[in-house]
Amino acid sequence: MAISVELLAFYRSLFQRSCDAVNALASALHTHYVRRGYRITNAKGEIIQEPFRRSLGYAIQWFDVLQIEVEHQLEAALQTCRDRVEASRVTPAHPQSPGAREEKGLRERCAPILIQRCPACFGGVQFGRDLNKGGDIHVATDGNFHHRHQRSAGDSPHFYDPSYFLPKVQVDAIGHHITRSRKSVPKLHVSHVPNEAIDLCENSYEAADGKKQKAAMDSFDDTGLMALICRHDIPLFFANIDSPGEQQKYSVALINHLFSLLPRSATVITLYDVGCVLSRSLNQYDILPDSIIQRLRFATTAMHAYGHEWACQLGTERLWSRFVRLIGIQRSSSRQRRLWLIDRHAGAIGLEMRADLGDWIRRRLRRGVEDQGTAARKLLEECEVAVSDLRKEWAMQKESQLSIRAHAPARLKKELDTVLALQADLDASDKALQTTRDTIAKGEMSEDTRDAIESLERVHERLMHKVEVLYASLNVQDRFPELDGLNLEFVRTLLLARDLKMNIRKCAIGSFFEWDKLDRAVGGSQQALGTKLHQQTRKAIAKRQPALMAALRKFNAYCERLEALYDPHCGIPLPTPLPTRLADLRNDQSLMEDIWITPSTGKVPRWLDDQDVHDGIRAMLKRDRCVEEQQRLGLEVDNLCRWFGDELSALELALLTPGYEKFLVPLRQQQEHLQYIQTHWTTSLASAARFASRATDAVSLAQKLSGISEERPLHWINTYAVSYVVPTEDEEPGSETFSDADHTALQPEDAALVDILTAGVPGCEDDDIDIVMNDPGAELCWRIPEDITFDRTPLPEAGIIIPGTVKERVSAPRFGCPCQVFEPKDIALLASRTALLNDSCINGCAVLLYLDAVQLSPMAEQYAILSTHDLPRIRYNAPDDVLWRNMSWTSYWTKEVWILPIHRPSDVGHWVLCIIHLRSKELHLFDSFAERKPWKSDTKDIMKLIARLLSIAQQHDHIFNVNIDIDGWLARPLVTDALQTNGFDCGVWVLAMIAATLHGYHCTALGEGDMHMFRYYLRTLVLQIPVF
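Residues numbered from 1 in each chain as written. Predicted model: local features only at pLDDT ≥ 70, side-chain atom pairs only at ≥ 80, totals over all residues. Heavy atoms only, no water.

## Points about the overall build of the protein
(1) Moving on: In terms of helices and strands, the protein carries 35 helices and 17 strands.
(2) Moving on: Split into buried and exposed, the 1028 residues of the protein put 49% on the buried side. (Helix = DSSP H or I, 4+ residues; strand = E, 2+ residues; numbered from the N terminus. Buried < 20%, exposed > 50% of the residue type's maximum accessible area, 1.4 Å probe, protein only.)

Dropping the structure here:
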């Protein structure tokens, strides 16, 4: 059978886009001819069912072999011309000139294969940049175990020499060398990262355990691929994984091969998911020469940072997305054909990515340097902390969190994990027991059934007590003597919260990776995941979700308990609660922060306790990275311009060299490709004029080297114009272009994932998803409202208080307000002039002031008195039913103004107030110390409270009297100068402001000298409650 070369050339282009489609093409040809009445028969006249598949497959394969031979000869001719061009660049006009010899010595070049694969990374001429300043070259390596080959598919005769794959002999030699090196005594090595942290990272990854069976070796002879790519995602080299797990020999072989092609002074930063583990191995054993170790540093990619301890955090994922089409095809292909498919596809992808380097740099400049840099600078301005101070705090944070002591609790991990696992099992049994009782109680319960349930409950209580005894037997406090002297219950809760957060992080990491698997569909949001793998992933997420949500709720309960037990003088900052939604948890930066358990000597470090310093350090580091990235992009653009000029010179020289006439057509094609690159590589860092100048110089140099002095016009291959709208630089790429935007579309798998993650979690109903996920916020404008009014109403005459025994007072429920309980200790706080008021005083007195105001004027009914406990419930992500149970009595959906007292537990403890005006969408902030910084985080929580309450009211079919939304809110202070000079009247000031608000004013006219009288007035309100 004869097959036209044009069809084979067309299939070659089709192959680059859809991989091995020979079966589809053969079937399509057969159907096409049958529909036109042509049927192919054999010598006996019998119809052949598949007449094209085998012959077309052979033709395609051998056509590609011929094409490869042409490419090799063409590349050899071009390389000869490149060498001549390079020699002219470095050969001085006067060889005896010392300056010329020095210039020649400074010009270092990478191997041609690297320069051709990514000229932006490897096209430089000077190397040796300090690793602390980013190094010369960034690469990434990672394994993928989807690209397996079935043993039953067999092999075929050798017909192709891969250009991307390292030879098996080379990889195995590295493996034998590693085995021999590990038999020696480990060298002493002082690591910046404690071994405890690296051990935890190693245990967190299956990839770090080379002995783990990641693919069934009985069924597969090749179990995956190990890739090395540059920072532009262009593939450089592959290693075929033919042993269980992601053993270190594959990554070491790739790194060693890379360094063999680099100048001796080049420095490399390698991104690897278990780079911390591999770095320790390389420093302990003589696996790689010291000349390489000194020029190599490992980092962790953003995607895999979930699985690492904080101390290790100083991808190849986009590449795998381009290879996802090959997964099914290569498993049933022969072993040689599998390598051929991957290698040829890598070549096509590499050429396409190289041509798109201009777009890559433009996106990086716009989305990375400009957008991120602007956001970082804005954050630095808002935090109002000097950059020099931020650098000092960052240095102290690194020193503290990289210390061995910061990882000391790892010694207790096994014992505490056992206790926490037992606690989780008992919690599950308690829930099951309660469900059983509720179910049986709906019907008739016999005496035996009741006795059985009560017996089970008694056994459960005894087991819970034994768990407490078991935890106490660990003597955690003895192992941490610095915690001696603190409240025992506080220490116990703090350590439980710390270890529970470690478990949450481990469980959440697994969920994140499963989520990424659905989101990327094993590497691409546009690719189907497959029914079996999709179901397995859904089951894995569903299995993790209940335990994770239960752990999050328990951790937030610990945080709430710690706040109640907190002593501001202990020097330990309180942990922050975690979101109970996986989407929010994934973006929560505090997830990766360990709970601090060591009391600080003196004042708590600002990097640990000050949110402004937190934000400032992140912004400073982001700004530094943006500056570093802009410098690197400038170097890469220089490399691209240099490569463009050299490559065009080589092409022109080849066209002018006698004997290369047979390569005229492919040379002209490459010349046309360079013309395309010239227009598409122009950026703000490299103008079109710069490339045009390079092109003019390139032609002149080629003519000079060839001996032809006269100018000749460039002859381009005839092109045909087609109408196509090209996106501008500010537009997002279309669906044909691979970009980050491709991953933002919500796929069916993602929609299914949302159902799983929100099922069975209180407060995760569909109606409130949009509201909660909007991340509401209010603009903080530090100016007092212009129309502010003051309450100058004189204090009512208070009765005379007769000294005597003070008894508990309980107010009767009135006007929808529940009864308020004032214990003798609460009344004693009101009686003392220098006592700090507690939450019972604030909440109870606020209700009494409301009842008093309602009696004077019905207008006071427009106000809703919220509790001091309401905002902490939002911070600790309390379920919707808990919020509704505690706040529904206020009928807040019918009110226009909400009064929210707030307690700040840090330092010495402080009371502040927020007046929420729903109609005008304003937050009026009151702080008797007139501090501005704490309101930045408080207003975020207040807006979350508004959004949650709005959602909960809608769930219960309540309509707000005011049409409100969560956009466009403004937060303004009621005072900007401190009113309080002592350390105990803040609660009284808050109650005075509440009284003024209930009277219809913005602010109280009372002064600090009037606070003792207002405190006396509050005490009389309480004592007027009858004693029963």
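## A few points about the sheet that holds strand 13 (residues 897–904)
(1) Moving on: Taking strand neighbours across the sheet as the criterion, the six strands line up as 8-16-15-14-13-12 in an open arrangement whose pairing is mixed. The sheet is open, and its two borders are formed by strand 8 (778–780) and strand 12 (863–865), each paired with just one other strand. Across the sheet, the mean angle separating the axes of adjacent strands is 25° when strand polarity is ignored.
(2) Moving on: Sheet analysis places strand 12 next to strand 13, joined by three bridges and oriented parallel. Residue Ala864 lies in a different strand from strand 13, and its bridge partner there is Trp898.
(3) Moving on: Contacts from helix 34 (residues 986–998) reach strand 12, strand 13, strand 14 (910–917) and strand 15 (922–926) within the one sheet, and its direction differs from that of strand 14 by about 20°. (Pairing = 2+ DSSP bridges. Axes fitted to C-alpha atoms, helices over the stretch in contact; angles between N-to-C directions. Contact = heavy atoms within 4.5 Å.)

## Brief notes about the packing of helix 9 (residues 248–260) against helix 10 (residues 275–284)
(1) Moving on: Relative orientation of the contacting elements helix 9 and helix 10 amounts to 75°, with a least axis distance of 12 Å. As summarised for this structure, helix 9 and helix 10 are arranged roughly perpendicular, according to the angle between their axes. Within the contact between the two elements, helix 9 uses Gln248, Ser251, Val252 and Ile255 and helix 10 uses Val277, Leu278, Ser281 and Leu282.
(2) Moving on: Of the residues assigned to the contact of helix 9 with helix 10, the class counts are five nonpolar, three polar and no charged. (Parallel < 35°, antiparallel > 145°, perpendicular 65-115°, else oblique. Nonpolar A, V, L, I, M, F, W, Y, C, P; charged D, E, K, R; others polar.)

## Some thoughts on the side chain of Arg231
(1) Moving on: Mapped onto the fold, Arg231 is located in the loop between strand 4 (224–230) and strand 5 (235–241).
(2) Moving on: At 2.8 Å, the side chain of Arg231 forms a polar contact with the side chain of Glu629.
(3) Moving on: A polar contact is formed between the side chain of Arg231 and the side chain of Glu636, at a distance of 2.6 Å.
(4) Moving on: Among residues more than four places away in sequence, those in contact with Arg231 are Cys121, His138, Trp360, Arg364, Glu629, Arg632, Leu633 and Glu636. (Polar contact = N/O pair within 3.5 Å; in protein donor to acceptor, adjacent residues only side chain to side chain.)

## Thoughts on the nonpolar core
(1) Moving on: In terms of nonpolar packing, the biggest core is built from 115 residues, with Phe122, Phe238, Leu262, Leu282 and Leu288 touching the most fellow members.
(2) Moving on: If we ignore the near neighbours within four places in the chain, the residues touching Leu282 are Val252, Ile287, Leu288, Ile293, Leu296 and Phe298.
(3) Moving on: Leu829, Leu830, Val988 and Ala992 belong to the second largest nonpolar core, which has 48 residues in total. (Core = buried A, V, L, I, M, F, W, Y, C linked by side-chain atoms within 4.5 Å.)

## Re helix 25 (residues 664–680)
(1) Moving on: Along its 17 residues, helix 25 runs 24 Å from first to last C-alpha, staying within 8% of the 24 Å computed at 1.5 Å per residue.
(2) Moving on: Taken together, the buried positions of helix 25 are Pro666, Leu667, Gln671, Leu674 and Ile677. All buried residues of helix 25 fall inside an arc of 145° around its axis, so they share one side. In helix 25, the exposed positions that point more than 90 degrees away from the buried face belong to Val665 and Thr679. (Expected span 1.5 Å × (residues − 1). Arc of directions from axis to C-beta.)

## Here's the deal with the environment of Arg180
(1) Moving on: Counting through the fold element by element, Arg180 comes out in helix 7 (residues 168–182).
(2) Moving on: Judged by its relative accessible area of 53%, Arg180 is exposed.
(3) Moving on: Considered as a pair, Arg180 and Ile287 are 107 residues apart in the sequence and their alpha carbons are 9.0 Å apart.

## Observations concerning the state of the cysteines
(1) Moving on: Tallied over the entire structure, the rule returns zero disulfides.
(2) Moving on: For the unlinked cysteine Cys230, the closest cysteine sulfur is that of Cys118, found at 3.6 Å. (Disulfide = S-S within 2.5 Å.)

## Here we look at the pairing of strand 15
(1) Moving on: When you tally the buried positions in strand 15, you get five out of five residues, the bulk of the element.
(2) Moving on: In this sheet, strand 15 lies alongside strand 14 in antiparallel orientation, the contact comprising five bridges. Within strand 15, the residue paired with Ile916 across the bridge is Leu923.
(3) Moving on: The antiparallel hairpin formed by strand 14 and strand 15 contains four residues in its connecting segment, where Lys921 sits at a positive phi of about 55°.
(4) Moving on: Here strand 15 runs beside strand 16 (residues 969–973); their pairing, made up of four bridges, is parallel. When the sheet's bridge partners are listed, Leu925 is paired in strand 16 with Pro973.

## Re unusual backbone geometry
(1) Moving on: A positive phi is found at Glu384, a non-glycine position, where the angle reads about 60°.
(2) Moving on: Tracing the backbone through its elements, the reader meets Glu384 in the loop between helix 15 (357–383) and helix 16 (387–401).
(3) Moving on: Overall, Glu384 belongs to the partly exposed group, its relative accessible area being 48%.
(4) Moving on: The residue Lys921 is not glycine, and still its phi comes out positive at about 55°.
(5) Moving on: When you line up the elements, Lys921 lands in the loop between strand 14 and strand 15.
(6) Moving on: The exposure class assigned to Lys921 is partly exposed, which follows from its relative accessible area of 21%.

## Here we look at the sheet that holds strand 1 (residues 137–144)
(1) Moving on: Spatial strand order, 5-4-1-6-7: five strands in an open sheet with mixed pairing. Because the sheet does not close on itself, it has two edges, and the strands there are strand 5 and strand 7 (296–299). Adjacent strand axes in the sheet meet at a mean angle of 20° when their direction is disregarded.
(2) Moving on: Direction of pairing for strand 1 relative to strand 4: antiparallel, over a ladder of six bridges. The partner of Asp142 across the bridge, within strand 4, is Ala227.

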